[in-house]
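Summary of the model geometry
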Amino acid sequence: MSQQGYVATPPYSQAQPGMGGYPAGFGSAPSQPLYRQYGGPPQSFPAPPTGKDTCLWSPIPPVKSSAPQLRYTSMQYVIVRLHSCSVLKVDHPPLAFPAGPGPVQSPQAPPTSHLTQQQFQTAPPTAMGHPPMGPHSSQMAHPQSPLAGPTMAGPQSMGGPPPMGGMGRPFPGPPPPGAGGFQQPGPGAAGPPGHPQQLQGQFGGQMAGPGMAGPGMAGPFQGGAAQMAGPPQKKLDPDSIPSTTQVIEDDQAKRGGQVYTTNLRGQVPPLVTTDYTVQDQGNASPRFMRCTTYSFPCTADLAKQCQVPLATIIKPFATVPKNETPMYVVNHGETGPIRCNRCKAYMCPYMQFTDGGRRYQCGFCNCVNEVPAFYFQHLDHMGKRVDFYERPELSLGSYEFAATLDYCKNNKPASPPAYIFMIDVSYANIKSGLVRLVCDELKTLLDNLPREDGAESSMVKVGFVTYNKILHFYNVKSALAQPQMMVVSDTAEMFVPLLDGFLVNFQESRAVINNLLDQIPDMFADTNESETVFAPVIQAGVEALKAAECSGKLFIFHSSIPTAEAPGKLKNRDDKKLINTEKEKTLFQPQKAVYEQLSKDCVSQGCSVDLFLFPSQYVDIATMGDVATHTGGSVFKYSNFQVERDGQHFLSDLRKDVEKAIGFDAIMRVRTSTGFRATDFFGAIHMNNTTDVEMAAVDCDKAVTVEFKHDDTLSEETGALMQCALLYTTISGQRRLRIHNLSLNCSAQLSELYKSCETDALINFFAKSAYRAMLNQPLKTVKEILVNQAAHMLACYRKNCASPSAASQLILPDAMKVFPVYLNSLLKTGPLVGSAELSTDDRAHQRLSTTAMGVEDTQLLLYPRLIPLHNMDVASDVVPTPVRCSEERLTDAGMFLLENGCSLFLWLGQACPPEVIQSIFNVPSLAHVPIDLRSLPELDNPQSQKLRSIIDSLLDQRPSSMKLMIVKQKDRSEIMFRQHLVEDKGLHGGASYMDFLCYVHREIRQVLT
Ligand SMILES: [Zn+2]
């Protein structure tokens, strides 16, 4: 590797005592840098190779004050200058860098003077007026500097080096034995027909927008962060550090409203937040697959060096707008879909037809296969089959195959799935009115069960169970005049007392079912039973589906920790004393083996579990939610549920959940071209081996994050191909294979990788791997690994891709420039924060919910939208542009909406004008606004209408409903809201964005020494 690109390290960043001490909030520094990373075996950051030009490693003099303050190079990146904790400027070079491979583009080559000059001219040296970077910069890393001082202090001080042993993969397993035997080395596979390979650099400019927050944007907020941070009183300019809202706005301005055509390999898609239309031309839509980078490094060494996780987040059933390519179903007849003989990849655009159309070479394993006679077609002069555009499997990235009996359980056709509603009728649920609410709702909701497109009615069968310590099954056969109840009181050996009449068609049994739903609340109206069982309830559901030989979903409405004598009985094990100890992880580990076995039973039957919890105290969600999160299900939680207040919130969740698009009894396999393979999987999934991802169900909101590792060298010419094949049962009982194909670039230049990174996908991977790791490692270790890996990623960029610059400059790759704010937000999330003030169940719930999130959901969760409402244009349809998530952006006379996909807050400033309050709440002043309001009154004025329509549109876009909370400035309730201002110092510990950047910068410098 050429050493020309290394940045010389100034003397003050050489190893010094006290250098790189961890700020208190992150514990003291390990004696050795942490070498463990997510997504890789323990390894060290490569030492500077020997034989290099030594002068490149000799210290350079500190930058003179007369030197230009900004360096422009051929690479896209952001320079953030940190000067004694004050950020002096942010800028990045213009994006008009010419595409195409060439010596000037090589990351190893220093920028040519020509380029430097050209770019200097186009981007004005905006920061010339800032203080020089001279020797002061050394304060950066000094332990006594304000930066390293108390500003980062958090409650969870950590000491000592992290344990290195046992730091491996939380769920260690043997390496997969070669995914399907297709890893034979062979000649480079041919590129995808019809999909021209992309020139290096062609897509390089896509991710960056113009107008990064620069000094010109400095607002009236100077100094605020410093006051917040404690002692240092330097003037800070929060506008000068990379802004997520700006990145989102820029991408929307640049790519919003456009058609994104998927015909290019390695193309970086618009951000998840951007409004775009996809045209499938041979690669899966980014709605289905998103990658951490669209250019994989060619070798394992490069991958290790940069430590950027190589991962794809797959959402196989993602909702697709009506104007985009629908999912075509291909039928290859009795013999089933055409597949490569060797690696079993399905026919796709990456198969290269040869020999006049009689053979095809597999793009994944290079095996040459005969074309079956029925599938033969002539090739045109370009070597393309003449039926190319008539066959979705040749021209599209995503499509489905009709599966044959070979793909069905026991070679028998699948049946339509069943939905079983299981209602806890113990005292708490009866008293709260929940049972009546659920029963009333089901009468209308069951008309909206999911159905095939164009089908008149749903083929999903329904069944009903009520329970407390014992279970009641109901016969609701259409021929009956009255429903019949059958009681099972022996919960140790669960069985289903009736077959015929338990699972029925709603349309046919409507009268009996409605009769039952009317009776249930009254039947148990006088109950005193407060104890419940839980595991036997799930067991009963599985047994019922087993008996009916179908897959399905259980909707369980449950109130309390199951303490009745039965399998899966739980006891309260919440112990706040464990927080910030080695044993904290036990709070999140599921409690009993019985639930693990239940998960397995559920998965093998294709039984998904959705849990609606209504707890008034600790219920051990870590255990109760375990089955749901291994069966493609969800856990919904409504603490201290009150029908009047929370009923609508719960009902909208239930409606979405019942009606959503979903597949059952699914098994997913991700195949790759030679040189790399899928090694790890995160999601609401179950795995019996190292390659097959089993999902009892997978719905339109569930995503699986897949990590890849090299096992050979990848070729720049052929790129990296992946094919996700999902075998599943449709809502009407058809067996199908849903195929998603994606082709990525490969490069020997790390700069290509950094250019094609996607921060939103990266943070999805980091969140899921950290939340899994916390089951087996102390939180402080998990957090240290996260920060350390991030520092390595950024240090590697600086070392290999950025042009030489003073160590006092923080240099971020353009595509990762807001990665630190997301990472810092992740570190401050409930599960990782380790505060006794948070409920253990809330933390466990958030951990479990994140497991199956797609990129959109983790993006919004970790950087909420803070929408100013006081200046909104009531005549416009547009939602006002969000502002940065910081207290600095709030104004006393303002009104803001904050949403993160789980919570929705309406924040009212102390000086909010009475007329605004009147128009929204119909009360004379702020003091009169009731804070337990869960929806806004429907008032006939433009302000009220506009605000309610904004809220409705937000609720509509999100997978689950969000409870609206009214928050008044300086009120007690404001604490909940402030937790979500992720750029500020965490309420329960954790640094402000500004402090975190300084901290990351120091870590980078330590890595570089
Ligand atoms: Zn093959």
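In this text, all values refer to a predicted model and were calculated from it rather than measured experimentally.

1. A few points about the packing of helix H14 (residues 759-773) against helix H16 (residues 819-827)
- Here H14 crosses H16 at 25°, and the two axes come no closer than 10 Å. By the angle class used here, H14 and H16 are roughly parallel. Of the two elements, H14 crosses H16, and the hand of that crossing is right-handed. Note on element contacts: H16 touches H14 through Phe819, Tyr822, Leu823 and Leu826, opposite Thr759, Asp760, Leu762, Ile763, Phe766, Ala767 and Tyr771.
- Residue classes in the contact of H14 with H16 are distributed as nine nonpolar, one polar and one charged.

2. Focus on the sheet that holds strand S29 (residues 865-868)
- The four strands are arranged S29-S30-S31-S32 in an open sheet whose pairing can be described as mixed. Edge positions in the open sheet fall to S29 and strand S32 (963-968), since each of these has one partner strand only. Taken pair by pair, the neighbouring strands of this sheet meet at an average axis angle of 20°, ignoring direction.
- Where strand S31 (residues 903-908) and S32 come together, six bridges link them in parallel fashion. Of the residues in S32, the one forming a bridge with Leu908 is Lys968.
- Sitting on the sheet, helix H20 (residues 914-921) is in contact with strand S30 (895-899), S31 and S32, with an inclination near 145° to S31.

3. Some remarks on the coordination of the zinc ion
- For the zinc ion, the full set of protein donor atoms is Cys340 (SG), Cys343 (SG), Cys362 (SG) and Cys365 (SG), and the range of their distances to it is 2.3 Å.
- Its four donor atoms give the zinc ion angles of 99 to 116° at the centre, a pattern that matches the tetrahedral case.
- Each donor residue of the zinc ion belongs to the same chain, with the gaps between them written as C-x2-C-x18-C-x2-C. Of this pair, Cys343 sits in the loop between strand S8 (329-330) and strand S9 (352-354) while Cys365 sits in the loop between strand S10 (359-361) and strand S11 (368-370), and the two are 22 residues apart along the sequence.
- Judged by its relative accessible area of 1%, Cys365 falls in the buried class.

4. Some points on the pattern of salt bridges
- Tallied over the full model, the rule gives 46 salt bridges.
- A salt bridge links Glu549 to Lys412, with the nearest nitrogen and oxygen atoms 3.3 Å apart. Placement of the pair is Glu549 in the loop between helix H9 (535-548) and strand S18 (552-558) and Lys412 in the loop between strand S12 (398-402) and strand S13 (418-424), with a sequence separation of 137 residues.
- Residue classification places Glu549 among the exposed residues on the basis of a relative accessible area of 51%.
- By relative accessible area, which is 43% here, Lys412 ends up partly exposed.

5. Topic: H14
- Spanning 15 residues, H14 covers 21 Å between terminal C-alpha atoms, matching the ideal 21 Å at 1.5 Å per step.
- Within H14, 15 of the 15 residues are buried, which leaves the element mostly enclosed by the surrounding structure.

6. A closer look at the packing of H16 against helix H23 (residues 993-1008)
- Two elements in contact, H16 and H23, have axes separated by 10 Å at closest approach and are oriented at 105°. Between H16 and H23, the interaxial angle falls into the category roughly perpendicular. Each of Pro820, Val821, Leu823, Asn824 and Leu827 in H16 lies in contact with H23, whose residues at this interface are Tyr993, Phe996 and Leu997.
- Class assignment of the residues belonging to the contact of H16 with H23 gives a composition of seven nonpolar, one polar and no charged.

7. Let's talk about the pairing of S13
- Most of S13 is tucked away, with seven of its seven residues classed as buried.
- Alternating positions in S13 separate into two faces, Ala418, Ile420, Met422 and Asp424 on one and Tyr419, Phe421 and Ile423 on the other, with burial throughout.
- In terms of strand pairing, S13 meets strand S14 (residues 461-467) through seven bridges, oriented parallel. Bridging from a neighbouring strand, Tyr419 pairs with Val462 of S14.
- Here S13 pairs with S18 via six bridges, running parallel. Residue pairing in the sheet places Phe421 in a bridge with Phe555 of S18.

8. Overview of a nonpolar patch on the surface
- Together, Met485, Val487 and Met523 give the surface a local cluster of nonpolar side chains, amounting to about 240 Å² of exposed area.
- Mapped onto the elements of the fold, Met485 is located in strand S16 (residues 484-488).

9. Re the UniProt feature "domain: Zinc finger Sec23/Sec24-type" (unreviewed entry) in the protein
- Feature annotation in UniProt places "domain: Zinc finger Sec23/Sec24-type" (unreviewed entry) on residues 337-375, given in this structure's numbering.
- End C-alpha atoms of residues 337-375 are separated by 11 Å, and the span's content is 0% helix alongside 23% strand.

Parameters at a glance
- Residues numbered from 1 in each chain as written.
- Predicted model: local features only at pLDDT ≥ 70, side-chain atom pairs only at ≥ 80, totals over all residues.
- Heavy atoms only, no water.
- Axes fitted to C-alpha atoms, helices over the stretch in contact; angles between N-to-C directions.
- Helix = DSSP H or I, 4+ residues; strand = E, 2+ residues; numbered from the N terminus.
- Parallel < 35°, antiparallel > 145°, perpendicular 65-115°, else oblique.
- Left-handed = near helix turned anticlockwise from the far one by under 90°.
- Contact = heavy atoms within 4.5 Å.
- Nonpolar A, V, L, I, M, F, W, Y, C, P; charged D, E, K, R; others polar.
- Pairing = 2+ DSSP bridges.
- Donors = N, O, S within 2.8 Å, 3.2 Å for Na, K, Ca; no water.
- Tetrahedral: all angles 85-135°; square planar, octahedral: opposite > 155°, others 65-115°.
- Buried < 20%, exposed > 50% of the residue type's maximum accessible area, 1.4 Å probe, protein only.
- Salt bridge = Lys/Arg side-chain N within 4 Å of Asp/Glu carboxyl O.
- Expected span 1.5 Å × (residues − 1).
- Patch = residues over 30% accessible without salt bridge, like charges linked within 9 Å, V, L, I, M, F, W, Y side chains within 5 Å.
- Areas by Shrake-Rupley, 256 points an atom, 1.4 Å probe, with all protein chains shown as cover.
- UniProt positions renumbered as here; feature names shortened; annotations may be inferred.

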